[in-house]
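# Descriptive analysis of the structure
If you want the building blocks of each chain, they are given just below.
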Amino acid sequence: MAEKVRIVIDDREYEVEKGKMVLQVALELGIDIPYFCYHPRLSIAGACRMCVVYWENINRLVISCNTPVQEGMIIRTHKTSKLVEENQKYLLQALMTRHPLDCPICDKAGECDLQNYGAIYGPQRQVVPVSALEKEREEHDWESDFLEYYSNRCVVCYRCTRACDEIVGAHALYVEDRGFHANIVPTVRPMDTSTCEMCGICVHVCPVGAIISKPFKYWSRSWLLEKGLTRCNLCPVGCEIQIEYGVGDWRSKRKVYRTKPTEDLNICAKAFFGYDALNRDRLLKPRVHGREENEGNLAGLISSILTFEGKQTAFVLSGYLPNEIIESVVSVAKATGSYVTAPQTADFFRIAERLGGYEPITLEEVRTSDRFLLIGDDVTSTAPVLTYYIRGKVYKAGRNVRDSKLGFERVDLDNLRDLEGPGIAVVTTHSFRGKEADRIGDLLKNLKERGWKPLLLPREGNTYGIYRRTRDLYSDIGTVIGKVLEGEIRTLFVFGEDLVEYYGMETLNDLRERLEHLVVSSPFADGLSEIATISIPMSLMGETEGTYETLMGEVRGKRFLPWSFDDIGFWERVVNQVSGEAGVKVLRNGSVPEGSLEIDLYRSNWITARSENLSRLHEKNSQVTEYRI
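Bear in mind the structure is a predicted one, so any value in this text is a computation, not a measurement. (Residues numbered from 1 in each chain as written. Predicted model: local features only at pLDDT ≥ 70, side-chain atom pairs only at ≥ 80, totals over all residues. Heavy atoms only, no water.)

## Notes on the side chain of Ser64
For Ser64, the position within the fold is in the loop between strand 4 (60–63) and strand 5 (74–76). When residues no more than four places from it in sequence are discounted, the contact partners of Ser64 are Met21, Val22, Leu23, Ile33, Cys51 and Val53. (Helix = DSSP H or I, 4+ residues; strand = E, 2+ residues; numbered from the N terminus. Contact = heavy atoms within 4.5 Å.)

## As for the sheet that holds strand 11 (residues 240–245)
The three strands lie next to each other as 10-11-12, forming an open sheet whose pairing is antiparallel. Either end of the sheet is taken by a strand with one partner, and the two such strands are strand 10 (226–231) and strand 12 (256–261). Strand-to-strand twist of the sheet, defined as the mean angle between neighbouring strand axes without regard to direction, takes the value 25 degrees. Bridging between strand 11 and strand 12 involves five bridges; their strand directions are antiparallel. Bridge pairing in strand 12 places Gln242 opposite Lys260. (Pairing = 2+ DSSP bridges. Axes fitted to C-alpha atoms, helices over the stretch in contact; angles between N-to-C directions.)

## Observations regarding the pattern of salt bridges
Tallied over the entire structure, the rule returns 46 salt bridges. Residues Lys396 and Asp403 are paired through a salt bridge, measuring 2.7 Å at the closest nitrogen-oxygen approach. Taken as a pair, Lys396 and Asp403 share a single burial class, namely buried. (Salt bridge = Lys/Arg side-chain N within 4 Å of Asp/Glu carboxyl O. Buried < 20%, exposed > 50% of the residue type's maximum accessible area, 1.4 Å probe, protein only.)

## Concerning the nonpolar core
By size, the foremost hydrophobic cluster in this structure holds 173 residues, and its most contacted members are Met198, Ile201, Leu386, Leu444 and Leu455. Broken down by element, this core gets its largest block of residues, seven residues, from helix 8 (residues 323–336). Contacts of Leu386, omitting those with residues within four sequence positions, involve Val237, Leu363, Val366, Val379, Val426, Leu455, Leu457 and Leu551. Residues Tyr339, Leu499, Tyr502 and Leu515 belong to the second largest nonpolar core, which totals 24 residues. (Core = buried A, V, L, I, M, F, W, Y, C linked by side-chain atoms within 4.5 Å.)

Okay, structure coming up:
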């Protein structure tokens, strides 16, 4: 149990944990102390001096962010100390003197710390006669289509550079010059093709409008948007994110305007700039032969198809489905004697079975480890936030694009006998199929016996959930596709578009010619939905209450976007209309699609491919093969 000390803040006594900073305990106690440079996930900088308090025992002002609590300490904030109040007002006056008063055109208006503190603590008028022209300081063009820096607005709190260095590890920003002339500058320009991963954390942590997102620039005001917390399911990490959207009234259009991290700062480009995929070509209502159909009639139609053709039916699951829909599909397959498969049976499932089964480890285990072996594709491109927690000795066997930031040492997969452990072996499972997957599974089994923990890292947000629920029931994807081509499977239910990434649209068009019914559940009206007999909406982030199995454990999404379709409820309705106990049919002969997937940070799946923002970044970076720090 942590040691406690007694301190007094503004004439009230508290018992707090020894070793914490005064600002930290004050915020935990609900005591307001203004600050710019402090952030709970960043190192202490002590740069802004805004968090100044009066330490009565030593009769002096101190910064609360870098002053540890001590037994008997007596602290006064601006509420009980005129000296503190005057000093904070002076600091704000100094910042306001050189800060352009461009709140009407600044995207940070309404959520700007300087604006808020000026109203609450600071002077309400400019007391130093400095003209608008004298406020100018050198501007630095970041040469980016996505991030914009306004040097005049910067309060030089160093949050952005610390976040880039300490959390992301990209080291894409640094501070040039000193004092008033200090500027935040990219290490490499153009910014968009540098080591910057476009995670957007620098935009989020900036307390003023110095760093902004260009795709959001001038679109809306923060107070005009609705907000909701949910979970990102674009990779297996399971980050909590904020989505801000309009509802289509006088204030804003009905669409998603931006996404942001929580104060955990767990976010990457896929979510921060990939939000526009939620607005593009959405399938929001079911369709039968291209015409809209109500949910009740469609559920009846599907149950009729399954009743008569269940034994000639296969369900192809998606790694982006919530557990609830997976369970519904398994129930329907058991009742009708259908097949259940997923593209991931060609890679993730084979490696997991070679290990004798797999239970995902947690992000906390990654955080506390100091030795890693990375096998396969670029981990930073596959699950960027995972790399925020990889610190220590890193070995790498496989493709490197952005993993250079981890400072790895190259190793040969065929010669790991002398590799010291214990540690965590991270395998990007989409890199290996068929016999290659079997070989990696055997290698991991050997490493596991030597104390290494395997971390199977799929691209998708819920491959762990599919595997847990279908481990004893699944058929090989290659075998199922073969049965369709042979005419033995007449009805195919395809969720998402994972299948297109393994076989391509040309093969899917051939399959369509051989099928009686192609039922597609997709978030989008284009792609597979265009060739489907029946199209059913599939939810994305902010549109489902479903659960996902991730590196953060089982997490639950939230449904708040006003156009969302209740796909969980729809498939539960189908389950209730289908009866029987035929049992799931299983086909396994090891047949897998040829080739393997190679992804990058901005094009990692069929959802991110719909994002115009990420597509532009993907095109700009397509000729860059490696990013060195």
